Each structure stands twice: as structure tokens, then as C-alpha cells.
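Residue-level structure breakdown
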Amino acid sequence: MAELAELVSVLKAAGEGTRVRLLALLADGAHSVKDLTEILKQSQPRVSRHLKLLADAGLVQRNAEGAWAYYSLTLDGDGAELAQWLIGHLDPEDVERRRDIERQAAVRASHTAQATEYFAKVASSWDLLKTLQVPEEAVEAAVVAALGGRRVETLVDLGTGTGRMLEVLADSYKRGIGLDSSREMLTVARSRLSGAGITHGQVRMGDIGDLDVAVGPADVVVIHQVLHYFDDPGRMLAQARRLLKPGGEMIIVDFAPHDLEFLRSEHAHRRLGLSPEQMSRWAAAAGLVVDAMQSFPSQSGQRGLTVCLWRLSDKT
Ligand SMILES: C[S@@+](CC[C@H](N)C(=O)[O-])C[C@H]1O[C@@H](n2cnc3c(N)ncnc32)[C@H](O)[C@@H]1O
């Protein structure tokens with residue numbers, strides 16, 4: 001039960017047109033202020049002021065990450081309940097709401113296009129992980145070990161890039177499918193897989209931010225060094241979960257939180273690593289359980305990045 005004054009301040013914060021639009025947008029996943037400014041077509045100070053009011057009233061939460069900040073809906077409390085109620089009563093056919101949904105899709109498509117353009121440029125000389133001193137061998141050995149010597153029916157590798165995971169795990173699946181949005185990366189993947197004689201692992205073009213469930217059902221979904229290209233990795237995880245068979249597993253590899261802003265400005269990253277707490281929250285929201293997490297510190301101490309491997313499973 002909330003106190004009267006508290007309740008009134010939450011109602012006041014939510015009781016304004018732009019702020020209801022913001023709540024509805026954030027119900028579909030986290031966004032940076034820059035994205036929200038683009039979607040709402042309002043000035044950044046104005047959008048930031050609305051977001052601050054919503055955050056102060058407990059309707060949304062702000063997560064600072066390097067030079068950017070991400071906003072998402074609060075998950076529990078009176079603010080969260082009110083936000084859900086409001087969003088549930090919004091008419092999706094409302095003209096303004098429809099325009100917001102269209103612009104939100106366009107903003108997401110532009111992020112995918114940026115990543116695709118970047119990967120088109122680097123496809124033939126993909127060595128960023130090496131320059132960051134990532135302990136690749138140890139991580140790959142752990143990915144193989146995560147499958148415990150089993151050979152599953154179907155493995156789907158999301159954001160397959162040069163097909164490295166399909167190659168490393170070739171003995172662990174009967175049918176492997178790699179999806180990627182970069183034609184250039186896929187060209188490299190095809191030639192690497194055929195060069196290695198792997199015919200049961202194939203790659204296809206596809207936007208994993210808008211996943212076609214027909215790619216599944218999969219026993220195992222692998223997402224290796226991909227989630228940090230998405231503003232809302234939790235949304236991506238929820239989509240990927242739809243590909244899993246009941247009892248299926250996910251292997252996720254990504255960076256631990258870091259402060260290397262240049263990965264955003266020069267290498268199309270959107271998130272500066274993922275924390276164990278974020279992963280647990282996103283997994284739970286997607287109906288998955290985190291079974292294990294391993295950390296692999298950089299080989300170059302302070303300068304490099306720590307890599308984390310998460311094993312998630314569906315317990316339905
Ligand atoms: C850092 S690479 C990792 C490739 C591979 N998983 C590996 O670890 O070797 C990230 C890959 O994600 C792909 N990617 C990024 N956004 C994507 C999207 N929306 N849909 C499909 N692939 C995407 C890129 O094209 C790129 O090949």
C-alpha cells in the first residue's frame with residue numbers, strides 16, 4: 001500500500017501524453033535517450049526531463065553505461081503496476097501510438113544497418129577479439145565443454161559471423177544453422193565451413209533482432225559475442241528463447257562490464273559488456289534459468305577485457 005502523497009506523485013508523473021508514450025515505448029525494450037529523442041521527435045533536454053520525472057516516480061529505471069544511459073520499465077512496485085495498467089489500456093491503433101511504433105522499428109532497423117555496415121567492412125580481416133587480448137582458446141574450450149560431449153539434433157548459432165562457433169562445435173550437432181545479417185560475414189563463413197569439410201553446419205542471412213521462429217526448434221542456441229550489438233539484450237534473449245525446444249539450452253558468451261567507449265564509437269558496440277545481475281534478470285524475464293557462469297580474464301591484465309560464458313536452460 002502506498003501513501004496518498006506518494007500515489008499522487010506517481011499519478012502526476014504518468015499523467016502526461018509524452019510520458020505515457022515513453023512508457024509504451026519502453027514496454028517493448030530498453031532504449032537510450034538518443035533513440036527516444038529520435039522516436040518522439042522532441043529535443044533531448046525535453047525527453048530527458050520527462051524521463052527524469054518518470055524515474056523519480058519509480059515508473060522507469062535508468063542504467064548509466066559509460067557515456068550513455070539506458071531506460072527501461074521498472075519491474076516491480078506500484079510504479080511498475082501503474083505503467084502496465086496504462087500500457088494495457090492504450091489503443092494500438094491510436095494514430096500517435098502507431099507512429100511511435102513505426103519510428104521505434106525504424107530506429108532499431110538503423111542500429112542493425114550500422115552493425116551490418118561495420119561488419120561488411122571488417123569481414124575479411126575480423127580480428128578485433130585478438131586485438132582486445134580475449135582468451136579465445138580458453139573460451140572456445142569452455143563452449144565445447146558446456147555441451148559435455150553430447151551430439152544434439154539441432155544447434156542454432158545467432159550472429160554466426162565467420163561461422164566460428166559452427167566450426168568449433170561441429171562434433172556436437174547433427175544439424176547446425178548459423179544466422180547473420182552481414183552478407184560479407186556469411187561469405188567468409190561459407191568458405192570456412194566448406195574448407196573445413198563441415199556440410200552439416202549451414203549459414204543463412206537473417207536479422208536476429210526480428211527472429212523467424214521457423215529457424216528452430218533448437219536443442220541448443222549459441223549467442224557468441226553478439227548481444228553487445230543490441231540496445232536491449234534482454235529483448236533479444238526473449239526472442240531467442242522462442243527457438244528453444246522445451247528443456248533446451250542457451251550458451252551465451254559476451255564481455256563483462258567495461259569502459260572502452262571506443263568500442264561504441266569505432267566498432268558498432270551498443271552495450272559496454274553485460275553483468276551477471278543483468279543476465280539473471282533477462283534470463284528470468286525470458287523464462288530461462290542461469291545454470292552456470294564462468295569468467296575468463298583478459299590475457300593482458302588491466303588493458304584487456306574479461307569474457308563471460310553463461311549457460312541458460314529452459315526448465316519447462
Ligand atoms: C562480433 S561478431 C561475432 C560472430 C561470431 N558469433 C563469433 O563469435 O565469431 C557479431 C556478429 O553479429 C552479427 N549481427 C549483429 N547484429 C545482427 C543482427 N541484427 N542480425 C543478425 N546478425 C547480426 C554481425 O553481422 C556479426 O557477424
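Residues numbered from 1 in each chain as written. Predicted model: local features only at pLDDT ≥ 70, side-chain atom pairs only at ≥ 80, totals over all residues. Heavy atoms only, no water.

This part takes up the site of the ligand. The immediate surroundings of the ligand are formed by 19 residues, with Gly159, Asp180, Asp207, Ile208 and His224 found nearest. Between the ligand and Asp207 there is a distance of 2.8 Å, counted from a nitrogen atom to a side-chain nitrogen or oxygen. Contact between the ligand and His224: an oxygen atom at 2.4 Å from a side-chain N or O atom of the residue. Its free accessible area being 590 Å², the ligand has 98% of it covered by the protein chains. The cavity that encloses the ligand is the largest pocket. For the shell around the ligand, the residue count by class is 7 nonpolar, 9 polar and 3 charged. (Near = heavy atom within 4 Å. Polar contact = N/O pair within 3.5 Å; in protein donor to acceptor, adjacent residues only side chain to side chain. Areas by Shrake-Rupley, 256 points an atom, 1.4 Å probe, with all protein chains shown as cover. 1 Å grid on protein atoms, 1.4 Å probe; cavity = no way out; pocket = protein on both sides within 12 Å on 5 of 7 lines; lining within 4 Å. Sits in = over half its atoms within 2 Å of the grid points. Nonpolar A, V, L, I, M, F, W, Y, C, P; charged D, E, K, R; others polar.)

In this section: the sheet that holds strand β5 (residues 173-180). A sheet is described by the order of its strands in space; here 7 strands give the open sequence β6-β5-β4-β7-β8-β10-β9, paired in mixed fashion. Looking at strand neighbours, the two that pair on one side only are β6 (201-205) and β9 (289-296), the edges of this open sheet. The sheet shows a mean angle of 15° between the axes of neighbouring strands, direction not considered. Sheet topology note: the strand β8 (residues 244-255)/strand β10 (residues 307-313) ladder contains 7 bridges and is antiparallel. Bridge pairing in β10 places Glu249 opposite Ser313. (Pairing = 2+ DSSP bridges. Helix = DSSP H or I, 4+ residues; strand = E, 2+ residues; numbered from the N terminus. Axes fitted to C-alpha atoms, helices over the stretch in contact; angles between N-to-C directions.)

So, on to the side chain of Glu249. For Glu249, the location among the structural elements is in strand β8. Of note is the side chain of Glu249, whose polar atom sits 3.0 Å from the side chain of Arg150.

Where a protein is soluble and globular, its nonpolar side chains tend to be buried together. Ranked by internal contacts, the top residues of the largest apolar core, which has 68 residues, are Leu158, Val221, Ile223 and Met250. By residue number, the principal contributor to this core is β8, which donates 6 residues. In this structure Leu158 touches Leu179, Ile208, Leu211, Val221, Val222, Ile223, His224, Val226, Met236, Ala240 and Leu243, once residues within four positions along its chain are discounted. Ala13, Leu22, Leu54 and Leu59 belong to the second largest nonpolar core, which has 25 residues in total. (Core = buried A, V, L, I, M, F, W, Y, C linked by side-chain atoms within 4.5 Å. Buried < 20%, exposed > 50% of the residue type's maximum accessible area, 1.4 Å probe, protein only. Contact = heavy atoms within 4.5 Å.)

All right, on to the domain arrangement of the protein then. Along its sequence, the protein is organised into domain 1 (4-90) and domain 2 (125-313). Of note, the centres of domain 1 and domain 2, computed from C-alpha atoms alone, are 31 Å apart. Counting from both sides, the interface comprises 12 residues of domain 1 and, opposite them, 11 residues of domain 2. In total, about 1,000 Å² of surface goes out of reach between domain 1 and domain 2, with carbon and sulfur atoms giving 40% of it. (Domains from an automatic or database assignment. Buried area = accessible area lost by both parts, 1.4 Å probe.)

With that settled, consider helix α13 (residues 276-285). Listed in full, the buried residues belonging to α13 are Gln278, Met279, Trp282 and Ala283. Down the axis, α13 shows its buried residues gathered within 130° of arc, on one side only. Summarising the geometry of α13, the exposed residues directed more than 90 degrees from the buried face are Glu277, Ala284 and Ala285. A positive phi of about 80° marks Gly287, the residue just after α13. (Arc of directions from axis to C-beta.)

When its volume is computed, the largest pocket comes out at roughly 990 Å³. Around the largest pocket sit 48 residues that line it, and Gly159, Ile208, Val226, Tyr229 and Phe230 are the ones nearest its centre. Looking at the lining of the largest pocket, the elements that each hand over two or more residues are α6 (95-122), α7 (128-131), α8 (136-146), α9 (164-168), α10 (183-195) and α11 (233-241). Split into classes, the residues belonging to the lining of the largest pocket amount to 16 nonpolar, 16 polar and 16 charged. Built from parts of two domains, the lining of the largest pocket gets at least three residues from each of domain 1 (4-90) and domain 2 (125-313). Computed from the structure, the second largest pocket encloses a volume of approximately 510 Å³. (Points joined across faces, edges and corners; volume = space filled by probe spheres on them.)

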